[in-house]
Each structure stands twice: as C-alpha cells, then as structure tokens.
Amino acid sequence: MGRVADKVVLVTGAGSGIGRASAKLLAAEGATVIVTDIDRAGGLETVQQIDGLNSGGTARFEEQDTSKEADWKRIIDDILAREGRLDGLVNNAGIAGPFPSTFEGESLDQWRRILSINVEGVFLGCKYGVLALRASGGGSIVNLSSLAAFLGTPDLSAYGASKGAVRQFTKTVAMDCARKGYKVRCNSVHPGIIMTPMGESILPSEKARERTRQRVPVGHFGTPEDIAYGVLYLISDESRFMTGAELVIDGGMNAI
C-alpha cells in the first residue's frame with residue numbers, strides 16, 4: 001500500500017483491459033487517478049470499481065478522444081485546475097484494427113486511423129503532459145507499446161508500425177526532458193499476448209489461442225494485472241533512475 005500515495009495520475013483508455021487494471025492498481029496504492037476513455041460507460045465502470053476498493057486512492061472520469069488535440073488541452077487544464085498538479089501519465093489508449101490486416105490490403109484511411117490513436121495520441125499526451133509534469137516539479141510518463149515493436153507483424157501491419165513508433169518516440173521524449181533538466185522520465189511498456197478484449201479479438205478461436213499459447217515460453221498468456229504492476233513501478237519513485245527504457249512483459253516471447 002502507498003507506493004504512489006498522493007500522486008495524481010492520468011490513465012488514458014482506462015475503460016477496460018490494461019488501462020482499467022492500471023488505474024485500479026494505482027488507486028489501490030494511493031494515487032488520485034483521472035480515468036479517461038472514449039467509452040463513457042466503461043470509464044465510469046472503472047471509477048465505480050475503484051470506489052469499491054476503499055483503498056485510500058480516488059478516481060474520477062473524463063471522456064476523451066486521445067487523437068484530438070482539443071481534448072488533451074481540456075483534460076490537462078482541468079486536472080491542473082481541480083487537482084492542482086500532475087505527477088504521472090499513462091498513455092495507454094490504443095486500437096489494433098481488424099485482423100488480419102496486411103500492408104497490401106490495408107486502406108489508407110484504416111492506416112491513418114490506427115496511427116492517429118496509437119501514435120498521434122501518444123505524441124499529444126507527451127506534448128501536453130510534459131508541460132504539466134514539469135510545472136508540478138517532475139514526474140513519470142509511461143507509454144504503452146507492444147512486443148510488436150520488436151517483431152514483424154504481417155497480419156497487423158499498421159498496429160506493428162504504430163507500436164514501433166511509440167518505442168522510438170519514448171526515447172526521444174526521455175532524452176529531450178533529461179537534457180533540459182525537466183525531471184520528467186519517460187519509459188515504454190511492451191506487453192506480449194494479454195487476454196483483454198483487444199487480445200481476444202486477434203485470437204478469436206480456441207484453436208488459434210492454443211496454437212499461439214504454445215509459442216509463449218512460460219506456457220500461458222498474460223493478464224492485464226501483469227502489465228499494471230509494470231506500470232505501477234514506472235510511475236512510482238522506485239523507478240527514479242529509469243528513463244528511455246523498455247519494460248518487456250511477455251512471458252519470454254522476445255527472448256526466443
């Protein structure tokens with residue numbers, strides 16, 4: 001308890017999956033969590049679950065489309081006005097798109113939609129988040145990338161490209177902030193196959209899941225909570241000497 005006590009943390013895409021698990025764990029460890037999502041019902045449910053924890057942490061919901069600059073300005077301004085500070089930002093919101101999607105068959109509109117959320121959303125989050133974190137005395141940004149940032153993804157071409165971009169951009173933000181003395185850290189988390197609604201959509205049949213499960217060295221898929229503990233570590237002061245790094249949580253798949 002209390003690993004992020006009194007910190008104010010914004011978690012995007014927190015209406016389900018990894019975002020929800022991260023928001024709940026951060027609140028359980030004492031943070032004030034601003035839950036955002038384009039899915040209002042899901043976001044409100046996350047807040048309700050956090051309220052039910054009775055852990056000392058608190059949460060509130062704001063509807064947000066992370067691909068829209070106006071939404072970022074509104075959310076950050078609102079946090080600074082209401083909470084008075086921002087200590088952590090988890091850029092989690094993202095989509096995978098239809099499966100399979102090869103680059104030869106992918107439409108330009110589909111490609112742009114995936115990158116607008118997965119890449120431009122992270123760019124905007126860092127652009128406005130860094131200003132707020134710096135004004136608050138420093139803090140930590142966690143960008144959700146993927147194991148796909150290290151591997152070819154012929155069945156998810158735009159998704160893989162977007163997560164590779166997040167991996168690289170994270171390092172750019174980290175080095176820029178360090179050189180300028182902002183006291184803002186930025187790291188990326190790279191989940192393997194996690195059983196979330198997005199993960200289930202990529203592996204729609206039990207046969208496909210079993211075939212893929214056999215490729216995971218530890219022998220099973222991950223859960224959203226497995227990733228949330230990594231997010232908690234990077235938001236907490238325990239990781240104060242860590243920036244521009246990649247935290248891979250994938251059951252060993254990247255080691256093959």
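Keep in mind it's a predicted model, so treat the numbers as computed, not measured.

What counts and what doesn't
Residues numbered from 1 in each chain as written. Predicted model: local features only at pLDDT ≥ 70, side-chain atom pairs only at ≥ 80, totals over all residues. Heavy atoms only, no water. Helix = DSSP H or I, 4+ residues; strand = E, 2+ residues; numbered from the N terminus. Rg over C-alpha atoms; globule rule 2.2 N^0.38 Å. Buried < 20%, exposed > 50% of the residue type's maximum accessible area, 1.4 Å probe, protein only. Contact = heavy atoms within 4.5 Å. Areas by Shrake-Rupley, 256 points an atom, 1.4 Å probe, with all protein chains shown as cover. Lys, Arg positive; Asp, Glu negative; His and termini not counted. Charge placed at Lys NZ, Arg CZ, Asp CG, Glu CD. Salt bridge = Lys/Arg side-chain N within 4 Å of Asp/Glu carboxyl O. Core = buried A, V, L, I, M, F, W, Y, C linked by side-chain atoms within 4.5 Å. Expected span 1.5 Å × (residues − 1). Bend = angle between axes of the 7 residues up to and from the residue. Pairing = 2+ DSSP bridges. Axes fitted to C-alpha atoms, helices over the stretch in contact; angles between N-to-C directions.

K.L.:
How would you sum up the overall build of the protein chain? Please name residues and give values.
P.N.:
Per the secondary structure count, the protein chain includes 8 helices and 7 strands. Relative to its length of 256 residues, the protein chain is compact, with a C-alpha radius of gyration of 17 Å against a globular reference of 18 Å. Along the longest, intermediate and shortest principal axes, the C-alpha atoms of the protein chain span 50 × 35 × 35 Å. For the protein chain, with 256 residues in total, the buried portion stands at 52%. Contacts spanning at least 24 positions in sequence make up 73% of the contacts within the protein chain whose residues lie at least 6 apart. As displayed, the protein chain has an accessible area near 11,700 Å², and 52% of this comes from carbon and sulfur atoms. Once the 28 positive and 30 negative side-chain charges of the protein chain are each reduced to a mean point, those two points are 5 Å apart.

K.L.:
Give me the pattern of salt bridges: which residues, what numbers.
P.N.:
For the coordinates displayed, the defined rule picks out 17 salt bridges. A salt bridge links Glu-210 to Arg-213; its shortest N-O distance comes to 2.4 Å. In this pair, Glu-210 and Arg-213 are both assigned in helix 7 (residues 206-213), 3 residues apart and thus about one turn of the helix distant. According to the relative accessible area criterion, Arg-213 is partly exposed, its value standing at 22%. One connected set of salt bridges, linked through shared partners, spans Arg-60, Glu-62, Asp-71, Arg-74, Asp-78, Arg-82 and Glu-83.

K.L.:
I'd like a description of the environment of Val-47, backed by residues and values.
P.N.:
Here Val-47 is to be found in helix 2 (residues 40-51). For the pair formed by Val-47 and Ile-34, sequence separation is 13 residues and the distance between their alpha carbons is 8.9 Å.

K.L.:
I'd like to hear about the environment of Val-166, residue by residue, with values.
P.N.:
Relative to the helices and strands, Val-166 resides in helix 5 (residues 157-179). For the pair Val-166 and Arg-240, spaced 74 residues apart in sequence, the C-alpha to C-alpha distance is 21 Å. Sequence-distant contacts of Val-166, that is, excluding residues within four places in its chain, are made with Asn-118, Val-122, Asn-143, Leu-144 and Ser-145.

K.L.:
Account for the nonpolar core, with residues named and values stated.
P.N.:
Among the nonpolar cores identified, the biggest contains 29 residues, and Val-11, Leu-26, Val-33, Val-35, Val-90, Leu-144 and Ile-235 are the most heavily contacted of them. Of all elements in the fold, only strand 1 (8-11), helix 1 (17-28), strand 2 (32-37), helix 2, strand 3 (58-63), strand 5 (139-144) and helix 8 (224-235) reach the threshold of two or more residues within this core. Val-33 has contacts with Val-9, Val-11, Ala-23, Leu-26, Ala-27, Thr-58, Ala-59 and Arg-60, leaving out every residue within four places of it along the chain. Counting residues in hydrophobic clusters, the runner-up holds 24 residues, among them Leu-89, Val-122, Tyr-128 and Cys-186.

K.L.:
Describe the side chain of Thr-212, with residues and values.
P.N.:
Within the secondary structure, Thr-212 sits in helix 7. Discounting chain neighbours no more than four positions away, the residues touching Thr-212 are Ile-193, Leu-203 and Phe-221.

K.L.:
Explain helix 4 (residues 108-135) residue by residue, including any values.
P.N.:
With 28 residues, helix 4 should reach 40 Å at 1.5 Å per residue; the first-to-last C-alpha distance of 39 Å fits that figure. Along helix 4, the largest kink reaches about 40 degrees and is centred on Ser-116. Where helix 4 ends, the next residue or the one after it, Gly-137, has phi of about 100 degrees, a positive value.

K.L.:
Which residues make up the sheet that holds strand 3, and what are the values?
P.N.:
With parallel pairing, 7 strands are arranged side by side in an open sheet as 3-2-1-4-5-6-7. Sheet topology places strand 3 and strand 7 (246-249) at the edges, where each strand pairs with a single neighbour. The mean inter-strand angle of the sheet, taken between neighbouring strand axes irrespective of direction, is 20 degrees. Packed onto the sheet, helix 2 meets strand 2 and strand 3 and runs at close to 175 degrees relative to strand 3.

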